[in-house]
Amino acid sequence: MTPDPTRDSGSLRLTQMLDLLHQDGWSLDFFADDGYATVDDVRRLAEIGVTAHQGNLLRWLRDHGADLDAILLCRQPVACQYLGLARKLAPSAIVAFDTVDLHYLREQRAAELAGSNRLHRHAAQSRKRELHAISLSDVTFVVSPEEQATLTRELPDARVELLSNIHEIHGRGQGFEARRDLLFIGGFGHPPNADAMHWFAAEILPRLRVEEPGIALHVAGDIDEPSRLALARDGIHIHGRVKDLGPLVDSCRISVAPLRFGAGVKGKVNLAMSHGLPVVVTSVAAEGMYLVNGINALIADDAAGFAEATLRLYRDGDLWQRLSNAALDNVRDHFSVDHARQTLQQVFAPAIPRTGA
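Below, the structure is looked at part by part. (Residues numbered from 1 in each chain as written. Predicted model: local features only at pLDDT ≥ 70, side-chain atom pairs only at ≥ 80, totals over all residues. Heavy atoms only, no water.)

Re the overall build of the chain
For step 1, the next point in the chain: From N to C terminus, the chain includes 15 helices and 12 strands.
For step 2, the next point in the chain: Its C-alpha atoms give the chain a radius of gyration of 21 Å, near enough to 21 Å, the size a compact globule of 357 residues would have.
For step 3, the next point in the chain: Dimensions of the chain, computed from C-alpha atoms along their principal axes, come out at roughly 65 × 45 × 40 Å.
For step 4, the next point in the chain: Across the 357 residues of the chain, 54% fall into the buried class.
For step 5, the next point in the chain: Once local pairs closer than 6 in sequence are excluded, the contacts in the chain between residues at least 24 apart make up 70%.
For step 6, the next point in the chain: Charged side chains in the chain number 37 positive and 46 negative. The centres of these two groups are separated by 3 Å. (Helix = DSSP H or I, 4+ residues; strand = E, 2+ residues; numbered from the N terminus. Rg over C-alpha atoms; globule rule 2.2 N^0.38 Å. Buried < 20%, exposed > 50% of the residue type's maximum accessible area, 1.4 Å probe, protein only. Contact = heavy atoms within 4.5 Å. Lys, Arg positive; Asp, Glu negative; His and termini not counted. Charge placed at Lys NZ, Arg CZ, Asp CG, Glu CD.)

Right, here's the structure in full:
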């Protein structure tokens, strides 16, 4: 799909990557696999120097492939489909595969949680396809040190670079006393987000409201109507996709990420921390985030522990302030624009921009 930074963290990361490449002098052409882009999509990409195309990709590659210095394939299905074409029609180009997250790892964890043999078989097929695409690429981007270590074991000869989420440091708005309630950010088209919210609503929120009857959860992100109806209850406010998350991030006291499966790095956690909003997360949500329980986040994996950690942070202003400061330091140290720029320059420095990338 054409990236929309208001829709998901992968879109935000890709948009920032394209912006950094444009700043380094690259001429950039973009095709969405679904062939669709709105007028706003085209305008938004043009503002960062990207030409968005909606025509026939195969024809375009036949006309321009020989002039390309680099091709960036985003996500496993796209890489598996277009790697062969990229090699054939753009023989001089560096071919980079941006996993965004390791799909097979996310699917393996979903299968384990569900105890499903069918999902295990599907994950095994995804693993085969994804590792094959990585083996054929000149370089592969992953977003977490854990995923980089996994691929080093699986494919020791592959070049795998760490290029994590990219965030500006927005800084903290209001202080502890001026805030209330909890925030979850994430679209329900991503299965780990939907599972997290149904689990939170059923197992965690009731525990919280026994102790804090007025506490509420605000849910921001694309949501389908069946999920909206299933979550409808006292204490949950569903906002849908929010163009500007600033007011919610600056008014809520805690960001929660009760993910039970998934992979990659969680943009929802980065975003909250870049605003100095403390987080309560599961171990899955903390993966790749350089988080330490009690130092820059609170981490718990069962419903009772997650509720207890949330209540403790919700009531303790001193703890809230310490975690808020540490959250800003975490984003600055590990997820800054400068970190991403350095990685992109290391990978693409050998290419001399000509007519496109």
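Let's talk about the sheet that holds strand S3 (residues 70–74)
For step 1, the next point in the chain: Taken in spatial order, the 4 strands of this open sheet run S3-S4-S5-S6, and their pairing is parallel. One side of each edge strand has no neighbouring strand; the edge strands of this open sheet are S3 and strand S6 (160–162). The sheet shows a mean angle of 25° between the axes of neighbouring strands, taken without regard to direction.
For step 2, the next point in the chain: Of the pairings in the sheet, the one linking strand S4 (residues 94–98) to strand S5 (residues 139–142) comprises 3 bridges and is parallel in character. Bridge pairing links phenylalanine 97 to threonine 140 in S5.
For step 3, the next point in the chain: The sheet contacts of helix H4 (residues 76–89) involve S3 and S4, and relative to S3 the element is tilted by about 155°. (Pairing = 2+ DSSP bridges. Axes fitted to C-alpha atoms, helices over the stretch in contact; angles between N-to-C directions.)

Side note on the environment of aspartate 67
For step 1, the next point in the chain: Among the structural elements, aspartate 67 can be located in the loop between helix H3 (57–64) and S3.
For step 2, the next point in the chain: Taking the C-alpha atoms as reference points, aspartate 67 and aspartate 316, 249 residues apart in sequence, are found 59 Å from one another.

Points about unusual backbone geometry
For step 1, the next point in the chain: If you check the backbone angles, aspartate 181 has positive phi at about 75° while not being a glycine.
For step 2, the next point in the chain: Of note in the backbone geometry, tyrosine 290 takes a positive phi value of approximately 60° without being a glycine.
For step 3, the next point in the chain: Within the secondary structure layout, tyrosine 290 lies in the loop between helix H12 (283–286) and strand S12 (298–299).

Details of the sheet that holds S12
For step 1, the next point in the chain: With respect to topology, 6 strands assemble into an open sheet ordered S9-S8-S7-S10-S11-S12, the strand pairing being parallel. Of all the strands in the sheet, just strand S9 (236–240) and S12 have a single pairing partner and so form its edges.
For step 2, the next point in the chain: Bridge count between strand S8 (residues 217–220) and S9: 4 bridges; the pairing is parallel. Within S9, the residue paired with histidine 218 across the bridge is histidine 237.

A look at the layout of surface pockets
For step 1, the next point in the chain: In this model, the second largest pocket occupies a volume close to 300 Å³.
For step 2, the next point in the chain: Forming the boundary of the second largest pocket are 14 residues, of which Asp4, Thr6, Asp40, Asp41 and Arg44 lie nearest the centre.
For step 3, the next point in the chain: Here the residues of the lining of the second largest pocket are counted per class, giving 2 nonpolar, 3 polar and 9 charged. (1 Å grid on protein atoms, 1.4 Å probe; cavity = no way out; pocket = protein on both sides within 12 Å on 5 of 7 lines; lining within 4 Å. Points joined across faces, edges and corners; volume = space filled by probe spheres on them. Nonpolar A, V, L, I, M, F, W, Y, C, P; charged D, E, K, R; others polar.)

What to know about the packing of aromatic side chains
For step 1, the next point in the chain: Tallied over the full model, the rule gives 6 aromatic pairs.
For step 2, the next point in the chain: With 5.9 Å between their ring centres and 70° between their planes, tryptophan 26 and phenylalanine 348 make a pair best called edge-to-face. Remark: phenylalanine 348 occurs in helix H15 (residues 337–348) and tryptophan 26 occurs in the loop between helix H1 (9–23) and strand S1 (28–31); sequence separation between them is 322 residues. The pair tryptophan 26 / phenylalanine 348 is uniform in exposure class, with both members buried.
For step 3, the next point in the chain: With a centroid separation of 6.4 Å and 90° between ring planes, the pair formed by phenylalanine 200 and phenylalanine 306 is classed as edge-to-face. With a gap of 106 residues between them, phenylalanine 200 in helix H8 (residues 191–211) and phenylalanine 306 in helix H13 (residues 303–315) connect regions that are remote in the sequence.
For step 4, the next point in the chain: Classification of phenylalanine 200 by relative accessible area gives buried; the value is 0%.
For step 5, the next point in the chain: Note on phenylalanine 306: relative accessible area 0%, which makes it buried.
For step 6, the next point in the chain: Members of the aromatic cluster, connected to one another through ring pairs, are Trp26, Phe141 and Phe348.
For step 7, the next point in the chain: Residue placement shows arginine 253 over the ring face of tyrosine 314; its charged tip is 4.6 Å from the ring centre. (Phe/Tyr/Trp six-rings, centres within 6.5 Å; stacked < 30°, edge-to-face > 60°. Lys NZ or Arg CZ within 6 Å of the ring centre and 35° of its normal.)

Brief notes about the pattern of salt bridges
For step 1, the next point in the chain: Summed over all chains, the structure comprises 19 salt bridges.
For step 2, the next point in the chain: With its nearest N and O atoms 3.8 Å apart, the salt bridge here joins arginine 43 to aspartate 40. Taken as a pair, arginine 43 and aspartate 40 lie in helix H2 (residues 39–46) at a separation of 3 residues, close to a single helical turn.
For step 3, the next point in the chain: The exposure class assigned to aspartate 40 is partly exposed, which follows from its relative accessible area of 45%.
For step 4, the next point in the chain: Residue glutamate 161 is joined to arginine 159 by a salt bridge in which the shortest nitrogen-to-oxygen separation is 3.0 Å.
For step 5, the next point in the chain: The exposure class assigned to glutamate 161 is buried, which follows from its relative accessible area of 18%. (Salt bridge = Lys/Arg side-chain N within 4 Å of Asp/Glu carboxyl O.)

What about the environment of valine 50?
For step 1, the next point in the chain: Note on placement: valine 50 falls in strand S2 (residues 50–53).
For step 2, the next point in the chain: Judged by relative accessible area, which is 4%, valine 50 ranks as buried.
For step 3, the next point in the chain: When the C-alpha atoms of valine 50 and leucine 28 are compared, they prove to be 4.9 Å apart, with 22 residues separating the residues in sequence.
For step 4, the next point in the chain: Not counting residues within four places of it along the chain, the set of residues in contact with valine 50 comprises Leu18, Leu28, Phe30 and Leu45.

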